[in-house]
Structure formats: structure tokens, C-alpha cells
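# Observations on chain architecture
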Amino acid sequence: MDDIRFAIKKTSPPAVVVQALRTALTLHPKAARNIVKDLTRPLHDQKRFVRKFDNKHWKGSLIMSEMIRCDDQIALQRLKKADIVIFEIHGGGFRVGHSAMYMESFISWLRLLKSKYNLYACIMSVEYGLAPKHKYPGPLNDCIQAFDYLTKDLGVPTSKIILSGDSAGGALCLETLTRTFAPGILSQSLDSPRENFNMPLPAGILLSSPLVSAETTSESWRLFGKSDIVSTKLGKLIYKEYLGIPHVNIDDLPVMRLHHVRKDFDRFLPKNVMVFVGEKEALRDDILDFSKAVEDDGKHNIQLFQEHYAHDWFMIREIVKKKDKKMIEKYDEMFVDFVVRAVEEAKSAETSRENSIIKETVDYQLSGKIISVKVLDERPEIDIKFDEPLVLLDKSSFPKPSVYKPNTILSEYSVVTDSVPPTATTAIAT
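Now for a description of the structure that goes with this document. (Residues numbered from 1 in each chain as written. Predicted model: local features only at pLDDT ≥ 70, side-chain atom pairs only at ≥ 80, totals over all residues. Heavy atoms only, no water.)

## Concerning the sheet that holds strand 5 (residues 161-166)
What the eight strands build is an open sheet, ordered 1-2-4-3-5-6-7-8; its pairing is mixed. At either end of the open sheet lies a strand with only one pairing partner, and these are strand 1 (50-54) and strand 8 (301-307). Sheet twist, expressed as the average angle between the axes of neighbouring strands with direction ignored, equals 15°. Sheet analysis places strand 6 (residues 204-208) next to strand 7 (residues 272-278), joined by five bridges and oriented parallel. What sits directly across from Leu 207, in strand 7, is Val 275. Against the sheet, helix 4 (residues 72-81) touches strand 1, strand 2 (59-63), strand 3 (84-89) and strand 4 (121-126), its axis set at about 110° to strand 1. (Pairing = 2+ DSSP bridges. Helix = DSSP H or I, 4+ residues; strand = E, 2+ residues; numbered from the N terminus. Axes fitted to C-alpha atoms, helices over the stretch in contact; angles between N-to-C directions. Contact = heavy atoms within 4.5 Å.)

Put into C-alpha cells, the structure is as follows:
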């Protein structure tokens, strides 16, 4: 059965895939979910990367090499020890989709991070409730609860977290961040300040064809609304099934306020932003307007990439022509480069914050040596008086081991790599 599914996904013309998804997304909810799930569920070899969770804290999948061999406790240990955590929220018009629907992309990212940078990443992919059974803000609350669990309960620092969301998942990523760091934007005023300074903003965010506006009046909607994966009919279903219109007043929905933010994105948006958009998608103009607003705000490093394809081409790779498959590989590598730079920058900023803003002058007496700390607006100025000259650690020499021995204990982090044949005995940390 896997062979048949693989053949269909790899041999179907992209135009046929676009129309099939366009139709499937607007079917009866149960039929739509079953079709999309059948087309996107992990293949046999891909299942080795997935560990499913469904508990009071969150529902979804942890995706990392050989997760199939881990119980919940070990899987969570590997998540916490990972160099990078990608917090993923899938798309699907709020009515279809699941946490392991983009395994080709996920595995590509994980392998690139390991092969190019020797970094171990774990993808925490959320499985939120789907409409019409779960209406707004239920699915949003699922995402917020999962993000809180990751950052607060598990204690994973935001400096190594990259958010990733496509289509409806992009909208959920943006609102999760806003609710977490600047909730007043959604409940009070668009000018409301950031309220949560208990933790830094995440290192970065990937937005693939994100839903950033509820409007359907742009030129791209006129041009591609009848041919793109996202259709006018799907838009109406989202309004009805997810938002509950006409039974609620659209102006009373907090999510509608987010679409009008045009400045001070640094209240909730990570400094590093990567956006993918299709030139032939209905959401194109809204995404370009959003990206330009972020760029004009002047506080973010935003990268925008456009290709001549339909909605969500970066994640739905079956709609990309064979001749452009190398293009996808290039963009995967660019995304991995983006992730590493964003995390390095965030960790550097975190180190600086640990030494910043002391609110009062304090004199310490340590072994007869007085350290006087003078308060400044941003960084403390420290005047250290020693009887002997201070020797900096970076001038000291430390012995280096002649042989590096990686950890090979599964419960501590490592497992047999997915690329090693079953008969091999080589083990690496992953």
C-alpha cells in the first residue's frame, strides 16, 4: 500500500494534485479529513521518526530520528536536550490535517541540520482540534497550551525555538505569539504594548503561505480564487465552521484585530522571519502586504521567497514540478541556514541579557577585594579592584581530548542513525 501511495504522490501531475486538494478541502468534514489523512500519513520508513502524544498537556508528535524506539519519558528527554526545537503548527483550512503530514520536509530539515552543522533538532508538531467540531478559539488554545508546556513545564528556552506554520497554521502561530507576549493587541488596542517579559521571543519563525487576512477582495483572489488550492468556497467554510459566523459578530473576534497590525511587530514577532509565497495563490497579495509591513517596521530580519506555484508549495511538495525539485532542496538548505543563524543570534542575545540592567548599586566584599557595581541604563559598569592582576580565562590553556567520544546511550540522547543499515553497529547521537 505504501508503494501505491508513494507512486501516486510522485507521478501525479502537479496540476492534478492542486485540483484534487482544492476539491478535497471543501468536502464534508469527515470525508475531507479522511482523504487528506490518507494522502499525507507517514510512509513506513518515516514512521520511525514519530512519537505520538495525547495527554492533558498537549496532543501531537515529536519528530526526530528513531523516535519509534523511545517511550514518552525518553522522547521528552531528547526534546529537551535537542540543540534546536521546531514548534510546528500544520495548515489545512482549520478543518483537515494532522501533526505528521509533512514528513518529507521534516526529515529533510533534520538530516540537513545534522549533516551540515552537526546539530540535533526535534520537531514538536501540534495536533489541534479541527472545525466544525472545534471552533475558534478552541484550536488556538490547543496551540497555546502546547507552547506553554514546551517553554514553561519542560523549560525549553525560547532562544532555541523556531516556530513553523503553513496556511492556517501560520495564522495560529502568529496568534499564539500575540496571546503569549502581547495579548492586549487582541483585547484592547492595536497599540497595546508587550506585556510578557518573563521569557524572550523565540529565535525565529517560518511562515509558508500564511493566512494573514480575512479579506478576499485582493487582486490575487480575483486572479487565482478559481484555480488555487485555497478557494472562495473554502473561505466561506472557514467563516462558518471555524469562526462560527453568522452566529457571532465578526468584529468581536480577537483574531480579526491581528490582521490590522502594521507596526511594532517586535511586541510578539521573532526578530528573524522567513516567508514563502506562491505567485499563483489567492493569498499572495495579503502575504506580500504583511511582509512589506514587517520590513517597513525596520525591526526584523525578514526573508521573502516567491515562486511561480500555487498555495503552500514549500510544504506541499507534490505540486512542484520534477524539474524544480532541486529548487526545493535549495530552499530546505536555506531554511536550515536561517534556523542556525537565528538560534545563534538568540543565544548570544540571551547571554547579554544575563549580564544586563542591575537596578541598584551594590558593594560586595569578597576575600578583601571590593567590587563596586554602578547602574547604567542598559549594561552595568563594573569596577573591580584586585590586589593581583586579573588573568582572563581566554588566555589560559586547557588540555583537549585526543579522541572525541560521542554519547551512545539512548536514554541520554543518542540512537542508531536512520541512515545506517540494520546490520551496522555504528551509533551516533541524534
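## Points about a nonpolar patch on the surface
The grouping of Leu 27, Ile 35 and Leu 39 at the surface amounts to a nonpolar patch, some 200 Å² of accessible area in total. Looking at the secondary structure, you find Leu 39 in helix 3 (residues 29-40). Given a relative accessible area of 36%, Leu 39 falls into the partly exposed group. (Patch = residues over 30% accessible without salt bridge, like charges linked within 9 Å, V, L, I, M, F, W, Y side chains within 5 Å. Areas by Shrake-Rupley, 256 points an atom, 1.4 Å probe, with all protein chains shown as cover. Salt bridge = Lys/Arg side-chain N within 4 Å of Asp/Glu carboxyl O. Buried < 20%, exposed > 50% of the residue type's maximum accessible area, 1.4 Å probe, protein only.)

## Examining the state of the cysteines
Within this structure, the stated rule accounts for zero disulfides. Note on Cys 122: no disulfide assigned, nearest cysteine sulfur contributed by Cys 70 at a separation of 9.4 Å. With relative accessibility at 0%, the residue Cys 122 sits in the buried group. No disulfide involves Cys 173; its sulfur sits 7.4 Å from that of Cys 143, the nearest cysteine. (Disulfide = S-S within 2.5 Å.)

## Things to note about the nonpolar core
Counting 123 residues, the largest nonpolar core has Leu 62, Phe 87 and Trp 313 as the members making the most contacts within it. Broken down by element, the residue count for this core peaks at 11 residues, all from helix 13 (residues 325-354). Contact partners of Leu 62, with chain neighbours within four places excluded, come to Phe 49, Val 50, Arg 51, Phe 53, Met 67, Ala 75, Leu 76, Leu 79, Cys 122, Ile 123 and Met 124. (Core = buried A, V, L, I, M, F, W, Y, C linked by side-chain atoms within 4.5 Å.)

## Regarding the pairing of strand 6
Along strand 6, five of the five residues are buried, which leaves the element largely enclosed by surrounding structure. Neither face of strand 6 is left uncovered, since the one carrying Gly 204, Leu 206 and Ser 208 and the one carrying Ile 205 and Leu 207 both have all their residues buried. Looking at chain direction, strand 5 and strand 6 are connected through five bridges and run parallel. Bridging from a neighbouring strand, Ser 164 pairs with Leu 206 of strand 6.

## Overview of the packing of helix 6 (residues 138-153) against helix 7 (residues 168-181)
Where helix 6 contacts helix 7, the axes come no closer than 9 Å and their chain directions differ by 65°. Seen along the crossing, helix 6 lies across helix 7 with a hand that is right-handed. Two secondary-structure elements touch here, helix 6 through Pro 139, Leu 140, Cys 143, Ile 144 and Phe 147 and helix 7 through Leu 172, Glu 175, Thr 176, Arg 179, Thr 180 and Phe 181. Partitioned by chemical class, the residues of the contact of helix 6 with helix 7 number seven nonpolar, two polar and two charged. (Left-handed = near helix turned anticlockwise from the far one by under 90°. Nonpolar A, V, L, I, M, F, W, Y, C, P; charged D, E, K, R; others polar.)

## Notes on the environment of Asp 266
Locating Asp 266 in the fold gives a position in the loop between helix 11 (254-258) and strand 7. On the accessibility criterion, Asp 266 (32% relative accessible area) is partly exposed.

## Structural notes on the packing of aromatic side chains
The full count for this structure, using the stated rule, is 18 aromatic pairs. Ring geometry for Phe 276 versus Phe 314: centroids 3.9 Å apart, planes at 10°, classification stacked. Residue Phe 276 is located in strand 7, and its partner Phe 314 is located in the loop between strand 8 and helix 13; the two are separated by 38 residues in the primary sequence. There is no split in this pair, since Phe 276 and Phe 314 are both buried. One cation-aromatic arrangement involves Arg 317 over Phe 314; the distance from NZ or CZ to the ring centre is 5.1 Å. (Phe/Tyr/Trp six-rings, centres within 6.5 Å; stacked < 30°, edge-to-face > 60°. Lys NZ or Arg CZ within 6 Å of the ring centre and 35° of its normal.)

## Regarding the pairing of strand 2
The element strand 2 is extensively covered by neighbouring structure, given that four of its five residues are classed as buried. Inspection of the sheet shows strand 1 paired to strand 2 by five bridges, in the antiparallel sense. Paired with Lys 52 across the strands is Ser 61, a residue of strand 2. Following strand 1, the chain reverses through four residues before pairing antiparallel with strand 2.

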